[in-house]
Structure formats: structure tokens, C-alpha cells
Amino acid sequence: MGAHPLVVRVTPTGTRPGNGLRRVLRGGVVNMAGAVVSAALNLALIVAITRAFSQETAGLLFSATSVFLIMAAVANAGAPDGLVYFIARMRVFGRPEAVPVLLRLALGPAVLASCVVAAALVVLAGPLAEALGSEEATAYLWMLALFLPFAVLTDSALAATRAHHDMSATVLVDKVGRPLAQLGLVGMIALSGSAGLLALAWAGPYLPAAVLAWFWLGRIVRRAAPDELPPPEAEARDDREAGEECDARDARDARDERVTPAVFWAFALPRALGGVAQMGVQRGGVVMVALLNGLSGAAVFTAATRIMVVGQFGTQAVLNAAQPRFAELLASRDHNAVRALYQAGTAWLVCLNWPLYLSALVFAPEVMRLFGDEYAAGVAALVIVCVGQMTAQVLGMGDLVLTMTGRTGLNLLNNVMSLLANVVVCVLLVPAYGAAGAGVALVASAMVRKLLPLWQLRSLVVLHPFSRPVLAATCSALVWFGALPTTMDAVTGGGVPVLVAAVLVGALGHLGTVWWLREHLEPRR
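The rules behind the values
- Residues numbered from 1 in each chain as written.
- Predicted model: local features only at pLDDT ≥ 70, side-chain atom pairs only at ≥ 80, totals over all residues.
- Heavy atoms only, no water.
- Axes fitted to C-alpha atoms, helices over the stretch in contact; angles between N-to-C directions.
- Helix = DSSP H or I, 4+ residues; strand = E, 2+ residues; numbered from the N terminus.
- Parallel < 35°, antiparallel > 145°, perpendicular 65-115°, else oblique.
- Nonpolar A, V, L, I, M, F, W, Y, C, P; charged D, E, K, R; others polar.
- Phe/Tyr/Trp six-rings, centres within 6.5 Å; stacked < 30°, edge-to-face > 60°.
- Buried < 20%, exposed > 50% of the residue type's maximum accessible area, 1.4 Å probe, protein only.
- Lys NZ or Arg CZ within 6 Å of the ring centre and 35° of its normal.
- pLDDT = per-residue confidence, 0-100.
- Contact = heavy atoms within 4.5 Å.
- Salt bridge = Lys/Arg side-chain N within 4 Å of Asp/Glu carboxyl O.

Enquirer: It is not clear to me how the packing of helix α15 (residues 306–331) against helix α16 (residues 335–362) should be interpreted in this structure. Could you clarify?
Expert: Packing of α15 against α16 brings their axes to within 10 Å, and their N-to-C directions diverge by 170°. If you check the angle between α15 and α16, you find them roughly antiparallel. Residue composition of the contact of α15 with α16, by class: 17 nonpolar, 7 polar and 1 charged.

Enquirer: In this structure, what is going on with the packing of aromatic side chains? I would like to understand it.
Expert: Two descriptors summarise a pair of aromatic rings, namely the distance from one centre to the other and the angle between the planes of the rings. For the coordinates displayed, the defined rule picks out 10 aromatic pairs. Here Tyr85 and Phe86 contribute two aromatic rings whose centre-to-centre distance is 4.9 Å and whose plane-to-plane angle is 85°, an arrangement assigned as edge-to-face. For the pair shown, Tyr85 and Phe86 are each scored as buried. Taking 6.4 Å as the distance between ring centres and 55° as the angle between the ring planes, the aromatic pair formed by Phe371 and Tyr375 counts as tilted. Relative accessible area serves as the criterion here: at 2%, Phe371 is assigned to the buried category. One aromatic cluster in this structure is built from Tyr85, Phe86, Phe264, Trp265 and Phe267. Over the aromatic face of Trp455 sits the side chain of Arg458, whose NZ or CZ is 4.1 Å from the ring centroid.

Enquirer: In this structure, what is going on with the environment of Lys175? I would like to understand it.
Expert: Along the chain, Lys175 turns up in helix α8 (residues 168–192). Residue Lys175 is classed as buried on the basis of its relative accessible area, which comes to 4%. Distance in space between the C-alpha atoms of Lys175 and Asn42 is 9.2 Å, their sequence separation being 133 residues.

Enquirer: Even after reading the chapter, I still don't get the confidence of the model for the protein, so can you show me in this structure?
Expert: Mean pLDDT over the protein: 84, with 86% of residues reaching 70 or higher. Here residues 242–256 scores under 50 on pLDDT; set against residues more than four positions off or in separate chains, the count is 9 contacts.

Enquirer: Help me understand the pattern of salt bridges in this model?
Expert: A side chain with one charge may pair with a side chain of the opposite charge, provided their charged atoms come close. Overall, the coordinates contain 5 salt bridges when judged by the stated rule. For the salt bridge of Arg178 with Asp174, the shortest nitrogen-to-oxygen distance reads 3.1 Å. One end of the pair is Arg178 and the other is Asp174, both in helix α8 and 4 residues apart, which spans about a single turn. Residue class for Asp174 comes out buried when judged on its relative accessible area of 18%. The partner of Asp399 in a salt bridge is Lys450, and the shortest N-O contact between them spans 3.8 Å. Taken together, the positions of Asp399 in helix α19 (residues 398–404) and Lys450 in helix α21 (residues 435–456) put the pair 51 residues apart, joining distant regions of the chain. Members of the salt-bridge network, linked through shared partners, are Asp399, Arg449 and Lys450.

Right under this line is the structure:
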């Protein structure tokens, strides 16, 4: 590099929003396609488990895997979010050659931490099994602990590929390949009747996923470094143009953009604590119901909230595509583009997820019967969760924007408060109301996590969902997946065939409406 290594042109980020937006939309389309397949596979996995095994066995597996996912969130130490944040900034400031050093800085400690956490899980398996009231839980937790480092490596490596705007790895490895392998292995276990190996079937695919993710990331890094380095003549020209008046600024920028271990982990560790709290909200409810209402209650709650988890795949598809773009826009201080991207992203969240929640809301009894007749008790929980998640989608991705500003302390505070709200409401309502009480706790925590970032960001950029894109998306979803299925249900008396017909007709109408209103779904700057 020359005398001014950080004097780069950031015009592609700052003044040409169309290119960045198209890149986000392309990534979003890829992620959405993967999300649809992943949602179907994960739903099929849960249905296979609930129909092939007893509620006690299903509840045990769901509780054990929830503990696994919470421990994985602890072990990754915030490395995935740190990688996305700093790699995106390196790309903006023209320093892709620093990415391999950053990867070593992040992945080594994260994998080491995962080994320590896995050992802790082995030690704590006995007390956890006693609290859950099942001796088999010990063997389940031991098997899951073996694959914890591979889960952490997979998440971190795929996050780094997304920072390079490559969404294919996440889709093929994590959204399709791993759940497909889980479904196949669980099917084999169900046919053999060896329920004791269910945990192995669920966690085993993390091993090949980690290997594939790592090799995919290596290919991207090797390909990106030479292509993105500026040519020597361009570098020399920038050096001459910068002049002596830029020396002090360049030195300051070099210090600001140099990612040391202290800088990286100062960003990542608070985000890790926030991620643990967020995962505690998402999966801790299953464990809380198991502890306070029994393993059968945990199975019912898991089945009732599958619709939320299916929706989360769609949400994550949009977030994964938008996350690096938000980091780039915030790094270049283009706040108008941030607001436009937030509103466009919120509209796409509504377009993608409201049809799912509205359909489940109208046909709640039919949806719960998919898991078996004994899961009818989860109808109330399903209705509560659907209403809460629809509200959360309209509030958008303010929590992601807050994270990409580097304010991880506030993000940690929000997620901890969200977790506390979830735990308090669970303790108050789950003993008496079971899965429905846990559903109320889930909604309360979601409202805390969605509303606080919008208020905290007000001094930097005012974000709100009230816009033409969000209005168009909301109206389309309400017509095709609210009014139409409600009318069909009232006229025909309901049933699974009516549910299927309503979803098919609604999907066609919704897609046509979205295409017709596509100009209104574009961000306005």
C-alpha cells in the first residue's frame, strides 16, 4: 500500500444507492428461496418427531436442543456479528487484504470457547436432566455437546460469507443441506424405533455443514482479495490527490479502522451477550415450560410456536441480506438511505411473513392437528404468537440497525430486558396456563426488543414503518390472507382442504398484487 492506505472512493456506497439496493434485493431473493425450503424442511422435521414419538420424547428432544442452541449462542462469543460488521467496513474502506487476519482473530477464540462450553454442558448434563425429570436427558445432552464446536464454526464462517454478499453458502449449507440431513436421519431413527439416537440425528449434520462452510469461505476470501485491491496506478493517483492536507485525517482513519483483538471483541462480546439473551427468548420458553409444566407441555409449546420459527427463517433471509448494506450505509453516514432501506426491508418482512401468520391465525385448529390430535391444546398459544409476530414484523429491523451503528451496549440492554420480560411472564403464567402463558411471554419480550431500538436511534436517524411500501404490503396481505380465507372458512366450514385452497389462491393473488404494486414497494429517499 502507499502512504495513504485508507484514501478510497466510497461513491459506490454513498451516492449510488441503487447498486447497493439491488445487491441487497438479490441477496434477499436468494435467502427467501432458501428460507421457504428451510421452513418446509424444519416444519416437516417437527411434524415427523411429534407424530412418530410420544409427547414426552418429543418434549425431551425439543428441550435438549433448546439448551444446545442457547449454549451455542454463548460459545460463539458474538463472532458472527463482529465478522459481518468489520468485513463490511473493510470492503467500504478498501482493505480486503485484512480479512484473513480478521478471520484468524475471530474464529480461533470462538472455536476454543465452544470447546469449553461443550465441556461445561457435559458436566451440567446430570443436573439438567434431573431438573427436566428425565434420565434420558443426560445422554441427549452429552451427544449434543460433541457437535457444539461445529455449530459455532458453521455460524461464524457463514456470517463471513454473507459479509461478502454471498448468500448462496448460507442457503445451501444451513437452510437446505443441514435440515434436509436432519429430516432424513430422524426418519431413519423413527423407522428403527431407536429414540435414544434422536439427539445424534438432530446434531450430526453440523459436522459436514462446518466443513463445507469453511471451504466455501476460503474460496471467497481467495477470490476477493486480488479482485478488490486497487491497481497501483490508481493508488498512486489517490496519494497525489490527497495531498499534505489529508495526512492528519488519514492517520486518524488508519487508527480508527485498524481492527485489533481489543477492538473486535469490544464490539463482539456485548453483542454475544445480547445474542444469548435473544436466543434465551426464542428457545428458553421451551425449557421454561418443560421445567414448570412438564415435557408434554414443552412439546405442545414447541409445536404451537413452529409457525413463529418458520416465519423467522423468512425474517432472517431479509436480515442476512440487509445487514452488510446497513453497515456500509452507516459507515458512510448516509442516513436517508438507511431510513429508505429500513422501510423497504419492513415492507418485504410484511410481504413474506404476514401471509404465514394470517393463514395460521384463521386456520389455527387445522394447523395444530398437523402435529397430532393430542396437540389441539396449543391452539390458544398459536393465536397469541401469530398476533404478536405480525405486530413485530411491522415494527421492522430497528434492532439490526442499532447493532450496525456499533451501539452493542444498548443492544445488550434491550435483549436482556426482553429476556427478563419473558422469564417474568413465564413464571407468572406458565404454571397455570401452560403453552398459552408462554406465548404471552414471547409476545411481551418481542415488543420490548422491537420498540426500544426505535426510541434509542431517534438522535441518529428517525426510523418508523409508516410509509407507502409498508402500507402496500400490509393491505395486500390482509386482503389475500385475511379477508379471503376468513370468508372461505365461514362459507365452507373450514378443514385442511379449505386451508390448502385458501393458501394457494391467496399466494397467487398476493404475488400478483405485489408485482402490480412493486413501484410502491421500492424505497423512497
